[in-house]
2 protein chains.
Amino acid sequence: MNQTNTIVKMVLDRWNASLASCDNLLKQLSNEALQKEIAPGRNRGIYLLGHLVAVHDDMLILLGIGEKDYPELQEPFLKQPDKAVADLPSAATLRSYWEKQSAKLHGIFEAMQPGDWFEKHTVVSAEDFATEPHRNKLNIILTRTNHLQYHIGQLILLK
Amino acid sequence: MNQTNTIVKMVLDRWNASLASCDNLLKQLSNEALQKEIAPGRNRGIYLLGHLVAVHDDMLILLGIGEKDYPELQEPFLKQPDKAVADLPSAATLRSYWEKQSAKLHGIFEAMQPGDWFEKHTVVSAEDFATEPHRNKLNIILTRTNHLQYHIGQLILLK
């Protein structure tokens, strides 16, 4: 296994392990628990779940995979803070999005070849990418794994 | 820049950005704020700070750099839960450890060559490493960055 294959495996392993960790945690939290704030006056679990689905949905665009599956989540869970929008999807709906999305991303990532990950993502220009080759698709996985871990550290407070 | 150099930069960039993010957050939290629990009945800020220093101290061993600088932190901040040990170092002491440690690790990492990161870490045997080349030094940085993000997501609740 060469270094490119090794590093792609390392980064995807962390992403998959983080998704599994969040998945396992969500299974231990009831829909009622998700309605609670992670700490007094802070975001509710349901907001964090919707936020994660919205951020991961945006990866479809960044990685050049296709259109967003849940564009209606961008406004309430990315642009607005928690409690600004009264009519949010239910916890059950967000859970089903989360599961479908995780499976979809898993299938797409498994089908990619190691070298594909070093292509530029869609937000960087070809000109900038020539001198900043780290702005590639694999970096999207790295940053989104960090983002996911940050919020797992909060969701676990609902247990 | 070849793919090995690119990926090492990507992973170290995430580590450095996460350390800077935690550092910036710690500067906004008073020593009194660090005495508070991140949520009712949960870990206090001071415990999380000591825990991070202890985990990062252990990286010196895992990466084969040298001995731990703060071995006395392993028991109260890794083996024991918060509030099990009455006599913890002060927030000011832990802050000074954090700063010294971050600077030390930064200097060591900067001096390493990209290829060094693909050497085995100290906990995996040469035999296992032959078939599991992802158990390398760079993977330690990946996992510790995730761990740091998890706890930043909690420390920010003290703001």
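Model, not experiment: these values are computed from the prediction.

A. A look at the pattern of salt bridges. All names here are of chain A. Taken as a whole and assessed by the stated rule, the structure comprises 16 salt bridges over all chains. In this structure, the salt-bridge partner of D82 is R44, at a minimum N-O distance of 2.7 Å. Taken together, the positions of D82 in the loop between helix 4 (74-79) and helix 5 (91-111) and R44 in the loop between helix 2 (31-34) and helix 3 (45-62) put the pair 38 residues apart, joining distant regions of the chain. Just as D82 is buried, R44 falls in that class too. Of the charged contacts in the structure, one is a salt bridge between K104 and D69, with a shortest N-O distance of 2.7 Å. Placement of K104 in helix 5 and of D69 in the loop between helix 3 and helix 4 is noted, with a sequence separation of 35 residues between them. Of the residues examined, D69 reaches a relative accessible area of 37% and is grouped as partly exposed.

B. Structural context of the packing of helix 1 (residues 3-28) of chain B against helix 7 (residues 137-155) of chain B. All names here are of chain B. Here helix 1 crosses helix 7 at 25 degrees, and the two axes come no closer than 9 Å. With respect to their mutual orientation, helix 1 and helix 7 come out roughly parallel. Taken as a pair, helix 1 and helix 7 cross one another with a handedness that is left-handed. Contacts between helix 1 and helix 7 pair V8, V11, L12, R14, W15, S18, L19, S21, C22 and L25 from the former with L138, I141, L142, R144, T145, L148, Q149, I152 and L155 from the latter. For the contact of helix 1 with helix 7, the class distribution of residues is 13 nonpolar, four polar and two charged.

C. Inspection of the relation of the copies chain A and chain B at higher detail. It takes a turn of 180 degrees to lay chain A on chain B, together with a shift of 0.0 Å along the axis; the resulting RMSD is 0.0 Å. Given the turn and translation reported, the copies of this chain are related as if by a two-fold rotation axis. Among all residues of chain A, the one whose C-alpha sits closest to the rotation axis is Y150(A), at a distance of 2.1 Å. Here 100% of the interface residues in chain A have copies in chain B that are interface residues too; the copies meet face to matching face.

D. Examining the interface of chain A and chain B more closely. The interface is formed by 33 residues belonging to chain A together with 33 residues belonging to chain B. Summing both sides of the interface, chain A and chain B together bury roughly 2,900 Å²; the carbon and sulfur share of this comes to 67%. Among the residues chain A hides against chain B, the three largest losses belong to M10(A), N146(A) and Y150(A). Together they make up 20% of the total. The interface formed by chain A and chain B contains zero salt bridges. Scanning the region where chain A abuts chain B turns up eight residue pairs in polar contact (both at pLDDT 80 or more). Listing elements by their share of the side of chain A that touches chain B, those giving two or more residues are helix 1 (3-28) and helix 7 (137-155) of chain A. In terms of residue count, the dominant contributor to the side of chain A that touches chain B is helix 7 of chain A (eleven residues).

E. Unusual backbone geometry, seen in detail. We note that K83(A) has phi near 75 degrees; this positive angle belongs to a residue other than glycine. Following the sequence through the fold, K83(A) ends up in the loop between helix 4 and helix 5.

F. Expanded view of the nonpolar core. With 98 residues, the main nonpolar core has F109(A), W117(A), F109(B) and W117(B) as its most contacted residues. Apart from the residues within four sequence positions on either side, W117(A) is in contact with V8(A), L12(A), L63(A), F109(A), M112(A), N136(A), K137(A), L138(A) and I141(A).

G. Inspection of the packing of aromatic side chains at higher detail. Counted under the stated rule, the structure contains eight aromatic pairs over all chains. Aromatic pair Y70(A) and Y97(A): ring centres 4.1 Å apart, planes at 20 degrees, arrangement stacked. A residue pair is termed long-range when its members are at least 10 positions apart, and Y70(A) in the loop between helix 3 and helix 4 and Y97(A) in helix 5 qualify at 27 residues. For Y97(A), a relative accessible area of 16% corresponds to the buried category. Between F109(B) and W117(B) the ring centres are 5.2 Å apart and the planes differ by 75 degrees, which places this aromatic pair in the edge-to-face class.

H. A look at helix 7 of chain B. Residues and elements named next belong to chain B. In this model, helix 7 (19 residues) spans 27 Å end to end at C-alpha, consistent with the 27 Å of a helix rising 1.5 Å per residue. Within helix 7, 18 of the 19 residues are buried, which leaves it mostly tucked inside the rest of the structure. At the N-terminal end of helix 7, a side-chain oxygen is found 3.1 Å from the backbone nitrogen of L138, two or three residues along, and the residue is N136.

I. Quick look at the packing of helix 1 of chain A against helix 5 of chain A. Residues and elements named next belong to chain A. Packing of helix 1 against helix 5 brings their axes to within 12 Å, and their N-to-C directions diverge by 160 degrees. Accordingly, the angle class assigned to the pair helix 1 and helix 5 is roughly antiparallel. Seen from above, helix 1 lies across helix 5 with left-handed handedness. Residue-level contacts link L12, W15, N16, L19, C22, D23, L26 and K27 of helix 1 to R95, W98, S102, L105, H106 and F109 of helix 5. Across the contact of helix 1 with helix 5, the residue classes break down as eight nonpolar, three polar and three charged.

J. Region of the structure containing the environment of A86(A). All names here are of chain A. With respect to the helices and strands, the residue A86 is situated in the loop between helix 4 and helix 5. By relative accessible area, A86 is classed as exposed at 84%. As a C-alpha pair, A86 and P76 span ten residues in sequence and 9.1 Å in three-dimensional space.

Reading guide: rules and limits
- Residues numbered from 1 in each chain as written.
- Chains lettered and ligands numbered in written order.
- Predicted model: local features only at pLDDT ≥ 70, side-chain atom pairs only at ≥ 80, totals over all residues.
- Heavy atoms only, no water.
- Salt bridge = Lys/Arg side-chain N within 4 Å of Asp/Glu carboxyl O.
- Helix = DSSP H or I, 4+ residues; strand = E, 2+ residues; numbered from the N terminus.
- Buried < 20%, exposed > 50% of the residue type's maximum accessible area, 1.4 Å probe, protein only.
- Axes fitted to C-alpha atoms, helices over the stretch in contact; angles between N-to-C directions.
- Parallel < 35°, antiparallel > 145°, perpendicular 65-115°, else oblique.
- Left-handed = near helix turned anticlockwise from the far one by under 90°.
- Contact = heavy atoms within 4.5 Å.
- Nonpolar A, V, L, I, M, F, W, Y, C, P; charged D, E, K, R; others polar.
- Least-squares fit on C-alpha atoms with pLDDT ≥ 70 in both.
- Buried area = accessible area lost by both parts, 1.4 Å probe.
- Polar contact = N/O pair within 3.5 Å; in protein donor to acceptor, adjacent residues only side chain to side chain.
- Core = buried A, V, L, I, M, F, W, Y, C linked by side-chain atoms within 4.5 Å.
- Phe/Tyr/Trp six-rings, centres within 6.5 Å; stacked < 30°, edge-to-face > 60°.
- Expected span 1.5 Å × (residues − 1).

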